[in-house]
Amino acid sequence: MALFRASEQLLANSARKAAPWLQSGIQILQRGLSAQAEPAEDEDSGAIEMKGIRLRGAPIYLDMQATTPMDPRVLDAMLPYMVDQFGNPHSRTHLYGWESENAVEKARQQVASLIGADPKEIIFTSGATESNNMAIKGVANFYKDKKRHIVTSQTEHKCVLDSARYLQQRGWDVTYLPVRSDGRIDLGQLADALRPDTALVSIMAVNNEIGVRQPLAEIGALCRERKVFFHTDAAQAVGKVPVDTSSTPIDLMSISGHKLYGPKGVGALYVRRRPRVRLEAQMSGGGQERGLRSGTVPTAAVVGLGAACEVAAQEMAADHAHICKLEQRLRDGIMGQLQGVVLNGPEDVARHRYPGNVNLSFAYVEGESLIMGLKDIAVSSGSACTSASLEPSYVLRALGVEEDMAHTSIRCVAARGKCKCNSVSTPASGALGVEEDMAHTSIRYGIGRFTTEEEVDAAVAQTVSHVNKLREMSPLWEMVQEGIDLKTIQWSQH
Amino acid sequence: MPSAAEVKSLFRQFLRVGRKFPNYNIRHYIQRRSKDEFHSLAANTDAAAVEAAWQRAKSQLEVWQRQSVVYQLYGRKVKTVLELDQAAAARQHAG
């Protein structure tokens, strides 16, 4: 009996170092069929329990497009204004107000320097969503007597699309420009869409789902020529790629604090003064921020935004080099070890895509199961698989609508010889006509300033292992491996 | 104009605060960036730029030291999975 106990203990000790699932298996063996309650917490396993999942530790954060951690330098700049220097910047009569106002103006200068603007052109808001609303509704309402048309793209952020829809409901015409398969808009189509009564063109600088960079200089030049205002949602671009309003003809630009290692709940809107852009204010009140955005300016948050912009200006080159290196490592790692993986968006990280955004589609793998399996890394799925409909996101849908693609499926599959994914190009796979609803998954990996090589390696290993595991269970994958043309299959209904 | 010994000492202080930082990502960031910055500082011959960088580095060190305390107080108590795996691997190596 003692020998049995001793060997059990030995097994348990080695299991503790092994995977948690093995350990719980050992526990079941130890307890036999006893009705004893399971031990509540173990040192190694189940450190965090949330939403019915046991996590042994905090996942590796690879979702930088959703939000970024605050840089400690930013937090350091903010703390004094949350402790003793708490004054309202609009109080004109005492030290507390004066020092707050100085801090706000210093932050305004820091934001302006990053984007090549004058401090008078920066309006602080509660975030890029508010900035986008202000720009679109503000310009539209100001010029509503003479103008009736807005142009935007199909891959914009929800707040831009929703603002456009709001205007549509009030009698405005909106053109939603389609994008090419790599996500960039066609300048010819934009030129055709502009009308004499177009008030505003709104095209985002860097897309949050696939990272594609739009040609801001060309779009701006076109708009300037046709006397149309150009607004860009630069939330994912500012602080990461150089954006210069002094050399690029941008009229309005939205900035988000928490996308560039700053605090959440603060952002800015750049409003050009020469030539002047007029806006109707969306927030009524005491006339703060040049009457364009009333409300007490949150000193601490705004100081954080300013500090984040200053740090970003200093670190941009180093960050870019680091992130490019990691992006190469991630993509080579995953695509080198897996077939049937496609990058959504342009490959060229020098000009057409922000390298920190890697959106990959994995064929023959179900979205929900892949996300659930990647417990150790925190990523976002490109498909809105968390929504009830399990539909792919509208941005990825917009990419997939392509004339020279011979069928209705998305991305990975293409007509013969044009297949972008690196699966074997047999005639059968040349017609990999996987339908939308057939097992397609995209994962968005977000790499940032603080991501390390080890984290990327761990993400690659986990992804590869889990995709292989899921594919082994997939009958579709089996059929593809045997060379069966999936389009010829008659799916029977029961 | 800082002497070579002062620069070395500041560099070592950066590495020390980097090692002590409770957060895995920031720890590695400080170590990586300070190595890059100090090596480029050593290679830099422009006296004005070196002086500016030196002053900036000294104030930056204080920021990192303060924040290391804040992160110790308010950081997450549970470690990231990467640190757990590395610790487990180290224990296996040792044991």
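Computed from a predicted model, the values in this text were never measured in an experiment. (Residues numbered from 1 in each chain as written. Chains lettered and ligands numbered in written order. Predicted model: local features only at pLDDT ≥ 70, side-chain atom pairs only at ≥ 80, totals over all residues. Heavy atoms only, no water.)

### Digging into the overall build of chain A
Here is step 1: Check the secondary structure of chain A and you find 15 helices and 15 strands.
Here is step 2: Split into buried and exposed, the 494 residues of chain A put 55% on the buried side.
Here is step 3: For chain A, the proportion of contacts with a sequence separation of at least 24, taken over those separated by at least 6, is 70%.
Here is step 4: For chain A, the accessible surface area stands at approximately 22,200 Å², while carbon and sulfur atoms represent 54% of it. (Helix = DSSP H or I, 4+ residues; strand = E, 2+ residues; numbered from the N terminus. Buried < 20%, exposed > 50% of the residue type's maximum accessible area, 1.4 Å probe, protein only. Contact = heavy atoms within 4.5 Å. Areas by Shrake-Rupley, 256 points an atom, 1.4 Å probe, with all protein chains shown as cover.)

### Here's the deal with the overall build of chain B
Here is step 1: When helices and strands are tallied, chain B shows four helices and zero strands.
Here is step 2: Along chain B, from the amino end to the carboxyl end, the secondary structure elements read α-α-α-α.
Here is step 3: For 95 residues, the compact-globule formula gives about 12 Å, and the C-alpha radius of gyration of chain B, at 16 Å, lies well above that figure.
Here is step 4: Here the C-alpha coordinates of chain B stretch approximately 50 × 30 × 15 Å along the principal axes.
Here is step 5: Sorting the 95 residues of chain B into buried and exposed places 37% on the buried side.
Here is step 6: In chain B, the share of contacts with a sequence separation of at least 24, taken over all contacts with a separation of at least 6, comes to 73%.
Here is step 7: Here chain B displays about 5,900 Å² of accessible surface, and carbon together with sulfur accounts for 55% of that area.
Here is step 8: Averaged over its 16 positive side-chain charges, chain B has a centre that lies 9 Å from the centre of its 8 negative ones. (Rg over C-alpha atoms; globule rule 2.2 N^0.38 Å. Lys, Arg positive; Asp, Glu negative; His and termini not counted. Charge placed at Lys NZ, Arg CZ, Asp CG, Glu CD.)

### Some details on the pattern of salt bridges
Here is step 1: Within this structure, the stated rule accounts for 28 salt bridges over all chains.
Here is step 2: Across the pair Arg73 of chain A and Glu315 of chain A runs a salt bridge, and its minimum N-O distance is 3.4 Å. Of this pair, Arg73 of chain A sits in helix 3 (residues 72-78) while Glu315 of chain A sits in helix 10 (residues 299-337), and the two are 242 residues apart along the sequence.
Here is step 3: Given the relative accessible area of 8%, Arg73 of chain A is considered buried.
Here is step 4: Put simply, Glu315 of chain A and Arg33 of chain B hold a salt bridge, and the shortest N to O gap is 2.9 Å. Of this pair, Glu315 of chain A sits in helix 10 while Arg33 of chain B sits in helix 2 (residues 24-43), which puts the two residues in different chains. Assigned by exposure class, Glu315 of chain A and Arg33 of chain B land together as buried.
Here is step 5: Salt bridges sharing partners connect three or more residues here, namely Asp71, Arg73, Glu315, Asp319 and Arg449 of chain A together with Arg33 and Glu37 of chain B. (Salt bridge = Lys/Arg side-chain N within 4 Å of Asp/Glu carboxyl O.)

### As for the interface of chain A and chain B
Here is step 1: Across the contact, 28 residues belong to chain A and 27 residues belong to chain B.
Here is step 2: For the chain A and chain B pair, buried surface summed over both sides reaches about 2,400 Å², with 57% attributable to carbon and sulfur atoms.
Here is step 3: Applying the counting criterion to the chain A and chain B interface returns three salt bridges.
Here is step 4: Put simply, Arg56 of chain A and Asp85 of chain B hold a salt bridge, and the shortest N to O gap is 2.7 Å.
Here is step 5: If you look at where chain A meets chain B, you find 17 residue pairs in polar contact (both at pLDDT 80 or more).
Here is step 6: Among the elements of the structure, helix 3, helix 10 and helix 14 (453-472) of chain A are those that each provide at least two residues to the side of chain A that touches chain B.
Here is step 7: In the side of chain A that touches chain B, the residues fall into 12 nonpolar, five polar and 11 charged. (Buried area = accessible area lost by both parts, 1.4 Å probe. Polar contact = N/O pair within 3.5 Å; in protein donor to acceptor, adjacent residues only side chain to side chain. Nonpolar A, V, L, I, M, F, W, Y, C, P; charged D, E, K, R; others polar.)

### Quick look at the environment of Val160 of chain A
All names here are of chain A.
Here is step 1: Examined against the element boundaries, Val160 turns out to sit in helix 7 (residues 158-168).
Here is step 2: Judged by relative accessible area, Val160 falls into the buried class, the value being 1%.
Here is step 3: Considered as a pair, Val160 and Leu114 are 46 residues apart in the sequence and their alpha carbons are 24 Å apart.

### Here's the deal with the environment of Arg273 of chain A
Residues and elements named next belong to chain A.
Here is step 1: Along the polypeptide, Arg273 turns up in the loop between strand 10 (267-271) and helix 10.
Here is step 2: A residue is classified by how much of its surface remains accessible, and Arg273, at 26% relative accessible area, is partly exposed.
Here is step 3: The spacing of Arg273 and Asp251 is 22 residues in sequence and 8.4 Å in space, taken between C-alpha atoms.
Here is step 4: If near-sequence neighbours (up to four positions away) are discounted, Arg273 is found in contact with Lys120 and Glu121.

### Some details on the pairing of strand 9 (residues 252-256) of chain A
Residues and elements named next belong to chain A.
Here is step 1: For strand 9, the tally of buried residues reaches five of five residues, placing the bulk of the element in the interior.
Here is step 2: Burial along strand 9 is two-sided: the face carrying Leu252, Ser254 and Ser256 and the face carrying Met253 and Ile255 are both buried.
Here is step 3: Judged from the three bridges that link them, strand 8 (residues 229-233) and strand 9 form a sheet pairing that is parallel. In the strand pairing of strand 9, Thr232 is matched with Met253.
Here is step 4: Bridging between strand 9 and strand 10 involves five bridges; their strand directions are antiparallel. When the sheet's bridge partners are listed, Leu252 is paired in strand 10 with Val271. (Pairing = 2+ DSSP bridges.)

### Points about helix 9 (residues 216-225) of chain A
All names here are of chain A.
Here is step 1: When we look at burial in helix 9, the residues that qualify are Leu216, Ile219, Gly220, Leu222 and Cys223. Looking straight down helix 9, one finds its buried side chains confined to an arc of 160 degrees; they lie on one side.
Here is step 2: Buried residues belonging to helix 9 abut helix 8 (187-193), strand 7 (198-202) and strand 8. (Arc of directions from axis to C-beta.)

### Let's talk about the side chain of Gln65 of chain A
Residues and elements named next belong to chain A.
Here is step 1: Relative to the helices and strands, Gln65 is located in the loop between strand 3 (60-61) and helix 3.
Here is step 2: A residue is classified by how much of its surface remains accessible, and Gln65, at 4% relative accessible area, is buried.
Here is step 3: A distance of 3.3 Å separates a polar atom in the side chain of Gln65 from the backbone oxygen of Gly356.
Here is step 4: Ignoring anything within four residues of it in the chain, the contact list for Gln65 reads Asn208, Gln236, Lys259, Tyr354, Gly356, Asn357, Arg444, Tyr445 and Gly446.

### Looking at the sheet that holds strand 9 of chain A
Adjacent strands of a sheet pair through backbone hydrogen bonds, lying either parallel or antiparallel.
All names here are of chain A.
Here is step 1: What the seven strands build is an open sheet, ordered 4-10-9-8-7-5-6; its pairing is mixed. Both outer strands of the open sheet, strand 4 (122-125) and strand 6 (173-177), are each paired with one neighbouring strand and no more. Strand-to-strand twist in this sheet, taken as the mean axis angle between neighbours without regard to direction, amounts to 20 degrees.
Here is step 2: Each of strand 5 (149-153), strand 6 and strand 7 is contacted by helix 7, which is oriented at about 150 degrees to strand 6, the strand it contacts most. (Axes fitted to C-alpha atoms, helices over the stretch in contact; angles between N-to-C directions.)

### Structural notes on the UniProt feature "domain: Complex 1 LYR protein" (unreviewed entry) in chain B
Here is step 1: Taken from the UniProt record, the annotation "domain: Complex 1 LYR protein" (unreviewed entry) applies to residues 6-63 of chain B.
Here is step 2: Helix makes up 90% of residues 6-63 of chain B and strand 0%, and the two end C-alpha atoms of the span are 19 Å apart. (UniProt positions renumbered as here; feature names shortened; annotations may be inferred.)

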